[in-house]
Amino acid sequence: MRFRTFISIAYIGFSSTFAFSGGSDEPYTRENSFEDFNNPNLAIQAEVNSALIKDLISESDWYISNYWGSSLDLGGKNFSTYVNDYLTENGRSGSIVKSTFLDDGGWSRCKGSEAQSGVINLLDIIVPDKNLSDAEVKGILLARYEVAKECASSRPNLRLSKISHLPDDWELYLNATYAWYKQDIHSTILFLEDLLEKTEPQSSIHQLSEYMIGRSYLIKAQENWISWEGKEGLDVEELEKARYFFETHFNEQRIYADSAYGLLGRIDYLLDDESAYIQNLSNRVALALDNRDTKWFSQIVREIFLTDKEPLFEKLLSEYVIENPQTLTDGPFANFLSFIHAHILYQSGSRPEAIPIFATLNYSAGFNYIMEYAKTTNDFQLERKAIDQYLDGNTKDLYLAELDYRSKGVSAFLQSRNSELVSNVAMAYCKPSSLAKDINSNLDAPHIFEAQKILYRSLIQRKDFETLYQLFNSPGYTLGEFELVRTAIKQAANNVALGKAYMNIGYFMEAKQSYLEYSGVVSYLENKYSDVFCKGGLLDNYRGPQFFYHLSIGKFSELEKNIDEAKALSFMINCDRPGMRGCWGSRPQDAESSEALFQRLHRKYPDTSWAENTPYYY
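Residues numbered from 1 in each chain as written. Predicted model: local features only at pLDDT ≥ 70, side-chain atom pairs only at ≥ 80, totals over all residues. Heavy atoms only, no water.

*Asks:* Whenever I open this one, the packing of helix H6 (residues 168-181) against helix H7 (residues 185-198) confuses me. Can you help?
*Replies:* Relative placement of two packed helices is described by the angle separating their axes and the distance separating the axes. Axis separation between H6 and H7 bottoms out at 8 Å; the angle between their running directions is 160 degrees. Considering their axes alone, H6 and H7 lie roughly antiparallel with respect to each other. Classified by chirality, the crossing of H7 by H6 is left-handed. In contact with Asp 169, Leu 172, Tyr 173, Asn 175, Ala 176, Ala 179 and Trp 180 of H6, H7 contributes Ile 185, Ser 187, Thr 188, Phe 191, Leu 192, Asp 194, Leu 195 and Lys 198. In terms of residue class, the contact of H6 with H7 is built from 9 nonpolar, 3 polar and 3 charged. (Axes fitted to C-alpha atoms, helices over the stretch in contact; angles between N-to-C directions. Helix = DSSP H or I, 4+ residues; strand = E, 2+ residues; numbered from the N terminus. Parallel < 35°, antiparallel > 145°, perpendicular 65-115°, else oblique. Left-handed = near helix turned anticlockwise from the far one by under 90°. Contact = heavy atoms within 4.5 Å. Nonpolar A, V, L, I, M, F, W, Y, C, P; charged D, E, K, R; others polar.)

Here it is, written out as structure tokens:
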């Protein structure tokens, strides 16, 4: 028996099974930024066990595109245009809606894509109904918009009776919808009981009312229930009323038979009827797969997560694949079911048979399995092939470097063709001397200058100017922008004109350097190779421009005037200005206040451009 596909009846605020929430990581196959190195899912060593099924289901292509990536597809039209075209294409050209409240969108149950999809579902029901005239169809739609508008209003004033050509039974139904939106379940049930008595069982509005009253009783049964306190508080009598309406709706194969069946499973779950619930869940999984219904299936997946039924789910899928082997190559679940099949083979010990299946998937769920297998079998070629197949950008470069590390050591990281990776690896070193040693062994690497710049900065922040100046004069070392501070470094190394030297170093740090953020590469390397790399890394980003301006000011005499002192005072004061760009790092705790420095500048150098350019203190 084939069920109708049902996702949500948004115009009465229902969803097909449970109200679930969940999430998924983006696939590994995208072009990653260096922020991705902070993602723990990108760790080389991946635990592979049956619990992983949850994460891998979450990241599958169909789940992302059909659940989390899904939105109401109106073909590029606004909602009013879509409805007008729908009516016209279905022979209701006289029922034209000029503009609607729902065009504004929003996130409430009253508006937005949820309510819009509800109207589309409503169109599916009322447009084919030959008992309704064009005018009545328009009246029902306008009334539905009024329900949404008043539902979203803080001062409701619903008057559906004023709408022309609105049939009495639809007025009653939409008043029930409005009561539902306002969480007035008692009034909702009263409206619907009246409707069920007045309407024929085969009519659309009777079927809607039958389903909606079942949902209302289900909600009413849980009003006093606190889930973490056990089953106490559940109203069993109300649950049985809900069961009656859902069973009737399902047995008669009414409009929302599939959803009613799912909600019967909810009742079984609430009443702790485990065998009935499992049977219900098993049937729904098979039906969703038979019908190739990815959206319904994705909702079932969410239910699986919330009820901790992953092992059962894995078993059901395995049995389904055995009975329906064509699903491994045909239909929207082919990739996903192939993955499940390979996962079960892998877990059962048939790893050589599982790996080729993982390798054929067009999404990266099998990556961790292939990598683990390649590592345990020392198959470097398979490992490199998986990296090439599944990864891109910075993440790929990191994995390739880590693979080569086993044969080349740290040189594999410094020889990477990814300049940003080289820079981040250099930042992860524990000691400047270790970095300098490895740089000297890799002077021909394409981006070794990126590592040299980190080394220069670490030596500046350690005030090791003598070592730095030696590097400036060493073969194979490029200075780049550090050429601008070469003289200042020489002065600092020789302990000559320190006031001027520190002032120029501070200005260089402000004008040419910036605060460097640590990427996840540092933590990654520190966790794997703690003999070389440290969590804190090399840089002391607290020692920014102000640190050196403060050192500079301390080298000048109170009695003698020196224009370099004026510069340092001006730079230091302006660094105190809130939001000053370039003045990264921390202000030294023992530094004089901005006011004291301001008074010193204007007292000693009142007629200089530096005093003129510093009219305020902060």
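*Asks:* Whenever I open this one, the nonpolar core confuses me. Can you help?
*Replies:* Soluble globular proteins tend to bury their nonpolar side chains together. Residues Ile 126, Leu 141, Trp 170, Tyr 173 and Phe 246 are the most contacted members of the largest nonpolar core, which totals 66 residues. Looking at this core, the elements with two or more residues in it are helix H3 (79-89), helix H4 (112-126), helix H5 (134-151), H6, H7, helix H8 (204-221), helix H9 (236-251) and helix H10 (257-270). Core analysis: the second largest hydrophobic core is formed by 56 residues, Val 410, Met 509, Tyr 524 and Tyr 529 among them. (Core = buried A, V, L, I, M, F, W, Y, C linked by side-chain atoms within 4.5 Å. Buried < 20%, exposed > 50% of the residue type's maximum accessible area, 1.4 Å probe, protein only.)

*Asks:* In this structure, what is going on with helix H21 (residues 432-440)? I would like to understand it.
*Replies:* Since the α-helix packs 3.6 residues into each turn, any two residues three or four apart lie on the same face. Within H21 the residues assigned to the buried category are Pro 432, Leu 435, Ala 436, Asp 438 and Ile 439. Projection of H21 onto a plane perpendicular to its axis shows the buried side chains occupying an angular sector of 165 degrees, all on one side. In H21, the exposed positions angled more than 90 degrees off the buried face are occupied by Ser 433 and Lys 437. Packing partners of the buried residues in H21 comprise helix H19 (411-414), helix H20 (419-427) and helix H22 (448-461). (Arc of directions from axis to C-beta.)

*Asks:* Help me understand the packing of aromatic side chains, please; the structure alone is not making it clear to me.
*Replies:* Describing an aromatic ring pair means giving the distance of the ring centres and the angle of the ring planes. Counted under the stated rule, the structure contains 31 aromatic pairs. Seen in terms of ring centroids, Phe 339 and Tyr 369 are 5.9 Å apart; in terms of plane orientation they differ by 75 degrees. Their pairing is edge-to-face. Taken as a pair, Phe 339 in helix H14 (residues 334-347) and Tyr 369 in helix H16 (residues 367-376) lie far apart in primary sequence, 30 residues in all. Of the residues examined, Phe 339 reaches a relative accessible area of 0% and is grouped as buried. Taken together, the aromatic side chains of Tyr 405, Phe 413, Tyr 429, Tyr 529 and Phe 533 make up a single cluster linked through ring pairs. (Phe/Tyr/Trp six-rings, centres within 6.5 Å; stacked < 30°, edge-to-face > 60°.)

*Asks:* What's the story with the pattern of salt bridges in this structure? I'm lost.
*Replies:* The final tally for this structure, using the stated rule, is 28 salt bridges. A salt bridge links Asp 404 to Arg 384, with the shortest nitrogen-to-oxygen separation between them at 2.6 Å. Here Asp 404, found in helix H18 (residues 393-408), pairs with Arg 384, found in helix H17 (residues 380-390); they are 20 residues apart in sequence, far enough to count as distant. The class of Arg 384 is partly exposed, set by a relative accessible area of 33%. (Salt bridge = Lys/Arg side-chain N within 4 Å of Asp/Glu carboxyl O.)

*Asks:* When you look at the state of the cysteines in this model, what are you seeing that I'm missing?
*Replies:* Working definition: the covalent bond between the sulfur atoms of two cysteines is a disulfide. Within this structure, the stated rule accounts for 3 disulfides. Put simply, Cys 430 and Cys 534 are joined by a disulfide, and their sulfur atoms are 1.8 Å apart. One disulfide, between Cys 430 and Cys 534, carries an S-S torsion of 100 degrees and so falls in the right-handed class. One end of the pair, Cys 430, is in the loop between H20 and H21; the other, Cys 534, is in the loop between helix H26 (520-528) and helix H27 (545-553), with 104 residues separating them in the sequence. The class of Cys 534 is partly exposed, set by a relative accessible area of 29%. If the cysteines joined by disulfides in the chain are listed in sequence order, their pairing comes out as 1-2, 3-4, 5-6. (Disulfide = S-S within 2.5 Å.)

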